[in-house]
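Listed below, chain by chain, are the residues.
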Amino acid sequence: MIYFLEGLIEGMDDGHLNVLLIEDDPQDAQLMQEALGETANTSFALEWVDRVSKGLERLARGGIDLVLTDLQLPDSQGLETVARVHAQAEGVPIIVLTALDDEGMAIQALQKGVQDYLVKRYIKVYPNLLVRSMRYAIERRRGEGELIRLASFLEQCPDPVLETDGSGVITYLNRAARTQFADLFGSAATHPVLWGLKDAAQRLQRSGATSLTREVPYRGKTYEQHISYYPQSDLIRSYLIDVTERKQMEQRERELAAAAAAAERKRAAELDEAYQELKRTQAMLIQAEKMAAVGQLASGIAHEVRNPLGIILQCVNYLEPDLQSRGAQHAEVLQVIREAVMTSDKIIRGLLDFSRPTPLELKPTSIASVIDASLALVQAQAAEKGIRLMKDVADDVPLVLLDEHQMQQVLINLILNAFAAMPTGGRLSIRSYLRRLTEPGLRIGLRSADAFRPGQTVLVCEVEDTGTGIPKEILPRVFHPFFTTKPPGEGIGLGLTITAAIVEGHGGTISLESEEGNGTKAVITLPVSQDRDRNGEGSASR
Amino acid sequence: MAEHLRRRTVLMIDDEANARKLAKLLLEREGYRVLTAANGEEGLILAKVQQPDVVLLDILMPKTSGHEVLRRLQEDQDLKDIPVIIVTARRGEQGIAASFRLGAVSHIEKPYETKDLLQKIQVALALAQQEESGRATGDA
Ligand SMILES: Nc1ncnc2c1ncn2[C@@H]1O[C@H](COP(=O)(O)OP(=O)(O)OP(=O)(O)O)[C@@H](O)[C@H]1O
Ligand SMILES: [Mg+2]
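Residues numbered from 1 in each chain as written. Chains lettered and ligands numbered in written order. Predicted model: local features only at pLDDT ≥ 70, side-chain atom pairs only at ≥ 80, totals over all residues. Heavy atoms only, no water.

### Quick look at a nonpolar patch on the surface
A cluster of nonpolar side chains, contributed by A:Tyr122, A:Val125 and A:Tyr126, occupies part of the molecular surface with about 330 Å² of accessible area. Since its relative accessible area comes to 34%, A:Tyr122 is described here as partly exposed. (Patch = residues over 30% accessible without salt bridge, like charges linked within 9 Å, V, L, I, M, F, W, Y side chains within 5 Å. Areas by Shrake-Rupley, 256 points an atom, 1.4 Å probe, with all protein chains shown as cover. Salt bridge = Lys/Arg side-chain N within 4 Å of Asp/Glu carboxyl O. Buried < 20%, exposed > 50% of the residue type's maximum accessible area, 1.4 Å probe, protein only.)

### Let's talk about the site of ligand 1
Residues and elements named next belong to chain A. If you check the shell around ligand 1, you find 19 residues, and the closest are Asn417, Thr484, Thr485, Lys486 and Leu494. Thr485 has a polar side-chain atom sitting 2.4 Å from an oxygen atom of ligand 1. Here Thr520 contributes a side-chain N or O atom positioned 3.4 Å from a nitrogen atom of ligand 1. For ligand 1, whose unbound accessible area comes to 600 Å², protein coverage reaches 91%. (Near = heavy atom within 4 Å. Polar contact = N/O pair within 3.5 Å; in protein donor to acceptor, adjacent residues only side chain to side chain.)

### Notes on the environment of A:Pro127
Residue and element names in this part refer to chain A. As for its placement among the helices and strands, Pro127 is situated in helix 7 (residues 127-156). Residue classification places Pro127 among the partly exposed positions, given a relative accessible area of 23%. Taking C-alpha positions, Pro127 is 9.3 Å from Gly37, a pair spaced 90 residues apart along the chain. (Helix = DSSP H or I, 4+ residues; strand = E, 2+ residues; numbered from the N terminus.)

### Overview of the interface of chain B and chain A
Across the contact, 18 residues belong to chain B and 22 residues belong to chain A. At the boundary of chain B with chain A, total buried surface from both sides reaches about 2000 Å², with 56% on carbon and sulfur atoms. The partner of A:Arg338 in a salt bridge is B:Glu113, and the shortest N-O contact between them spans 2.6 Å. For the interface between chain B and chain A, the tally reads nine residue pairs in polar contact (both at pLDDT 80 or more). Top contributing element to the side of chain B that touches chain A by residue count: helix 1 (residues 17-29) of chain B, with six residues. Counted by class, the side of chain B that touches chain A contains eight nonpolar, two polar and eight charged residues. (Contact = heavy atoms within 4.5 Å. Buried area = accessible area lost by both parts, 1.4 Å probe. Nonpolar A, V, L, I, M, F, W, Y, C, P; charged D, E, K, R; others polar.)

### Notes on the pairing of strand 3 (residues 54-58) of chain B
Residue and element names in this part refer to chain B. With five of five residues buried, strand 3 is to be regarded as a mostly interior element. The alternating pattern of strand 3 places Val54, Leu56 and Asp58 on one face and Val55 and Leu57 on the opposite face, and all of these are buried. Where strand 1 (residues 9-13) meets strand 3, four bridges bridge the pair, whose relative direction is parallel. Following the sheet pairing, Met12 is matched in strand 3 by Leu56. Of the pairings in the sheet, the one linking strand 3 to strand 4 (residues 84-88) comprises four bridges and is parallel in character. Looking at strand 4, one finds that Val55 is bridged to Val84. For the crossover that starts at strand 3, traverses helix 3 (residues 66-75) and ends in the parallel strand 4, the hand is right-handed. (Pairing = 2+ DSSP bridges. Right-handed = clockwise from strand over helix to strand, strands pointing away.)

### Comments concerning the side chain of A:Arg338
By the secondary structure assignment, A:Arg338 is in helix 12 (residues 328-355). Side-chain polar atoms of A:Arg338 contact the side chain of A:Gln335, separated by 3.1 Å. Once residues within four sequence positions are removed from consideration, A:Arg338 is found in contact with A:Leu313, A:Val316, A:Asn317, A:Glu320 and B:Glu113.

Honestly, that's just the spatial picture; any functional story needs more than this.
Below you can see the structure in the form of structure tokens.
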């Protein structure tokens with residue numbers, strides 16, 4: 001409430017006042033004019049009439065802030081004048097001017113509601129007296145008006161206001177409080193709006209805060225109760241606002257927001273799923289594109305490049321005898337040229353093999369013999385590098401339809417990769433066995449997943465090393481054409497691409513399982529002929 | 001016999017001028033007599049006229065392809081016994097298979113080391129000589 005008062009007081013300092021002077025003596029009127037003229041701060045607009053009747057007419061039109069009136073006028077005498085003016089303009093302060101220094105009259109006038117009583121001859125001596133008096137009169141009058149207005153303001157406030165003393169006894173309820181909390185008087189301290197008020201007051205006093213707010217449920221409604229405590233008068237005042245609707249709205253908004261958020265999340269999840277799907281498809285398309293591009297490139301330029309490479313190599317061959325005799329450096333330079341040619345040619349060959357894979361010549365073949373042939377080729381290199389070779393082929397492994405030559409290329413590629421991963425030696429194991437698929441064996445680094453159905457028997461061939469392993473980040477890329485971690489000249493990144501193409505050409509799958517630091521296992525699965533699959537060991541493959 | 005003292009003649013048929021030039025330099029340094037032809041027709045005429053001991057034949061040539069040359073060499077009674085080594089930038093076993101079917105004795109892919117080519121030439125010459133002496137005894 002305090003702040004409201006502050007707001008109202010502000011309006012008082014408006015500097016311009018309309019003053020009505022009721023005076024039948026022109027000389028006295030002149031005197032008043034002069035007295036008012038002396039003031040510097042406040043500007044007064046003086047309107048002069050010489051009869052009460054005229055004054056009342058003027059007052060009826062409004063806009064007068066203060067009345068200066070003589071008591072003895074031709075059409076009205078004494079206190080009657082005051083009464084008539086007061087009746088016409090209640091609330092407008094009146095200052096009585098008189099020629100007499102009559103105490104008795106003065107008191108009576110003041111009792112009638114007159115603000116001040118001035119003797120004219122004093123004004124003549126102290127012109128300021130009039131101005132000061134007028135200002136006080138207006139201010140006093142305003143103050144009284146405000147108090148009345150404020151009291152009724154509080155009373156008429158649509159929100160409940162209540163006041164109790166420090167012990168919780170009600171000292172004031174405004175109209176809203178009386179009607180909205182009709183049960184307040186009987187129920188005393190257990191009533192929701194009174195409950196805990198004393199504690200609240202103590203808390204406020206301890207914390208030094210001016211007010212606190214709590215929510216009070218009452219008969220299906222919710223009130224916000226602002227509580228303040230006035231220690232000097234030991235009064236607790238509450239201002240209550242019915243926030244039921246607001247609360248309901250907030251609740252609805254919260255529910256709506258939650259529903260919207262849930263819908264949003266769902267939509268986002270769906271979008272994300274769709275996006276992931278798109279990305280997967282795209283990745284596949286990109287891969288396919290890459291392959292196609294590689295193929296085109298290969299057939300287009302390979303032969304054009306191999307011819308000049310051949311010529312360069314011939315040049316090297318031609319210069320060799322002469323230059324070798326001229327020192328080691330010359331020989332070295334020639335060797336560099338030769339190696340560059342070989343590397344270029346390796347790339348071209350890789351491209352060609354990849355882009356136009358030679359057709360398979362499938363024959364019933366023993367995988368054990370292919371493994372043996374491959375191991376025989378790398379034996380010397382393994383010994384040199386300190387790598388132990390292990391072979392384990394299960395007894396029940398049947399002959400399968402293979403292109404012996406190409407499958408050997410597959411194993412060699414895998415073995416050479418394994419060797420490269422074991423620069424300080426290690427163990428390379430090749431295993432082959434039959435496996436009945438229980439579930440589609442989805443593994444990381446898997447190359448193709450859908451070739452086999454559960455229940456089918458496949459031939460598995462594993463090449464496992466104890467090497468460096470493959471970091472998780474690059475594992476998905478090892479099958480990509482030209483993906484290599486080897487320095488230029490040592491690898492071109494087509495080994496696994498070609499390997500996969502050959503295995504897939506056999507209707508098989510290949511995947512790499514690897515953990516960085518823990519070696520790598522390449523797993524090839526190849527179809528076993530259906531006859532055998534159904535009849536068990538007895539029947540021979542075609 | 002003076003046979004092995006005779007300078008062996010190599011006929012190279014290749015549309016690539018630099019390839020011919022280099023082959024000539026290298027093989028002559030090894031003691032061969034080298035004839036070169038820039039296309040199939042020229043090559044066939046040279047073969048007929050000069051009767052080389054061995055033919056180095058490029059496959060990918062404009063107009064008359066290496067395979068065509070090979071076929072016509074085989075058809076010619078005078079030329080069919082001359083061993084032919086296919087020299088090609090082409091990759092792939094299909095091409096090789098076709099070459100062998102048409103009667104080539106050997107095959108080398110560009111780029112190659114001269115020593116590898118020399119080895120193939122020696123083998124081809126040795127085989128041809130064997131066959132010739134076989135025929136000679138058979139005829140006798
Ligand atoms: N057994 C393995 N251990 C560790 N890393 C491997 C293994 N096999 C393949 N990799 C990784 O996969 C990459 C691709 O292999 P890929 O065989 O396709 O190409 P490359 O070996 O680099 O070159 P090349 O074309 O000569 O085979 C290798 O560079 C290597 O980083
Ligand atoms: Mg490799």
